[in-house]
Amino acid sequence: MSDFSLLGISGSLRKESFNRKLIREAGRLSGAAFSEADLNVPLYDGDVEEADGIPASVQTLADQIAAADAVVISTPEYNQALSGVLKNALDWVSRTDGNPWKDKPVAIISAAAGRTGGARAT
Ligand SMILES: Cc1cc2nc3c(=O)[nH]c(=O)nc-3n(C[C@H](O)[C@H](O)[C@H](O)COP(=O)(O)O)c2cc1C
């Protein structure tokens, strides 16, 4: 097993998501120690943040990003933008202490049904 760790983030929660399959394939082809993030986190709410701080699921995600040697994100295109699921998770992570993305190599890919193949999602 490689020492290099790769975290995969799928912008789709669907079990059979093509974007989930893409990050898994990226993990397989890279030969890295691959793990998959869970974006099933609460919707960002400033009141929740003020009352309770960062949700545990968001902190876990931020810690996974910080710990990974590299991250691969694959998101569907929803109405000519990235998925709301991914945007919500990125917004939450931006509220955590430190900067888990600092100096992090990130690859961004997309599987979408449209003719432009996700070009407007990333
Ligand atoms: C709400 C919604 C909006 C969508 N908008 C777009 C779009 O703007 N462009 C596109 O190429 N596909 C669009 N699609 C199709 C998705 O790209 C396609 O369903 C994709 O396979 C979803 O990713 P997944 O397989 O990882 O779940 C949309 C799908 C949904 C549900």
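These remarks concern the structure in this document. Here the structure is a predicted model, which is why all the values come from computation and not from measurement. (Residues numbered from 1 in each chain as written. Predicted model: local features only at pLDDT ≥ 70, side-chain atom pairs only at ≥ 80, totals over all residues. Heavy atoms only, no water.)

1. Observations regarding the site of the ligand
Surveying the vicinity of the ligand reveals 14 residues, the closest of which are Ser-12, Arg-14, Ser-17, Asn-19 and Gly-114. In this structure, Ser-12 approaches the ligand through a side-chain N or O atom, which is 2.7 Å from an oxygen atom. One nitrogen or oxygen atom from the side chain of Asn-19 is found 2.7 Å from an oxygen atom belonging to the ligand. A total of 620 Å² of accessible area belongs to the ligand in isolation, and the protein chains cover 69% of it. Secondary structure elements with two or more residues in the shell around the ligand: α1 (18-30) and β4 (77-78). Looking at the shell around the ligand, its residues break down into 5 nonpolar, 6 polar and 3 charged. (Near = heavy atom within 4 Å. Polar contact = N/O pair within 3.5 Å; in protein donor to acceptor, adjacent residues only side chain to side chain. Areas by Shrake-Rupley, 256 points an atom, 1.4 Å probe, with all protein chains shown as cover. Helix = DSSP H or I, 4+ residues; strand = E, 2+ residues; numbered from the N terminus. Nonpolar A, V, L, I, M, F, W, Y, C, P; charged D, E, K, R; others polar.)

2. Focus: the sheet that holds strand β3 (residues 70-74)
Taking strand neighbours across the sheet as the criterion, the 4 strands line up as β2-β1-β3-β6 in an open arrangement whose pairing is parallel. The open sheet terminates on both sides in strands that have one partner only, identified here as β2 (33-36) and β6 (106-109). The mean inter-strand angle of the sheet, taken between neighbouring strand axes irrespective of direction, is 20 degrees. Pairing of strand β1 (residues 5-10) with β2, which is carried by 4 bridges, proceeds in the parallel orientation. Its bridge partner lying in β2, Leu-6 is registered against Phe-34. Here helix α3 (residues 56-67) sits on the sheet in contact with β1, β2 and β3, set at roughly 140 degrees to β1. (Pairing = 2+ DSSP bridges. Axes fitted to C-alpha atoms, helices over the stretch in contact; angles between N-to-C directions. Contact = heavy atoms within 4.5 Å.)

3. Considering the packing of aromatic side chains
The full count for this structure, using the stated rule, is 1 aromatic pair. Here the aromatic rings of Tyr-44 and Trp-92 are separated by 4.8 Å at their centres, their planes lie at 65 degrees, and the arrangement is edge-to-face. With a gap of 48 residues between them, Tyr-44 in the loop between β2 and α2 (46-52) and Trp-92 in helix α4 (residues 84-93) connect regions that are remote in the sequence. By relative accessible area, Trp-92 is classed as buried at 0%. (Phe/Tyr/Trp six-rings, centres within 6.5 Å; stacked < 30°, edge-to-face > 60°. Buried < 20%, exposed > 50% of the residue type's maximum accessible area, 1.4 Å probe, protein only.)

4. What about the environment of Thr-122?
By secondary structure assignment, the location of Thr-122 is in the segment after β6. Separated by 40 residues in sequence, Thr-122 and Leu-82 place their C-alpha atoms 6.3 Å apart. Residues in contact with Thr-122, not counting those within four places in the same chain, are Thr-75, Ile-108, Ile-109 and Ser-110.

5. Concerning the side chain of Lys-104
Looking at the element boundaries, Lys-104 is found in the loop between α4 and β6. Asp-69 is the oppositely charged side chain nearest to the buried, salt-bridge-free Lys-104, at an N-O distance of 6.5 Å. Reaching out from Lys-104, the side chain makes a polar contact with the backbone oxygen of Ile-65 at a distance of 3.0 Å. Each residue touching Lys-104, except ones within four places of it in the same chain, is listed here: Ile-65, Ala-66, Ala-67, Ala-68, Asp-69, Ala-70 and Val-71. (Lys, Arg positive; Asp, Glu negative; His and termini not counted. Salt bridge = Lys/Arg side-chain N within 4 Å of Asp/Glu carboxyl O.)

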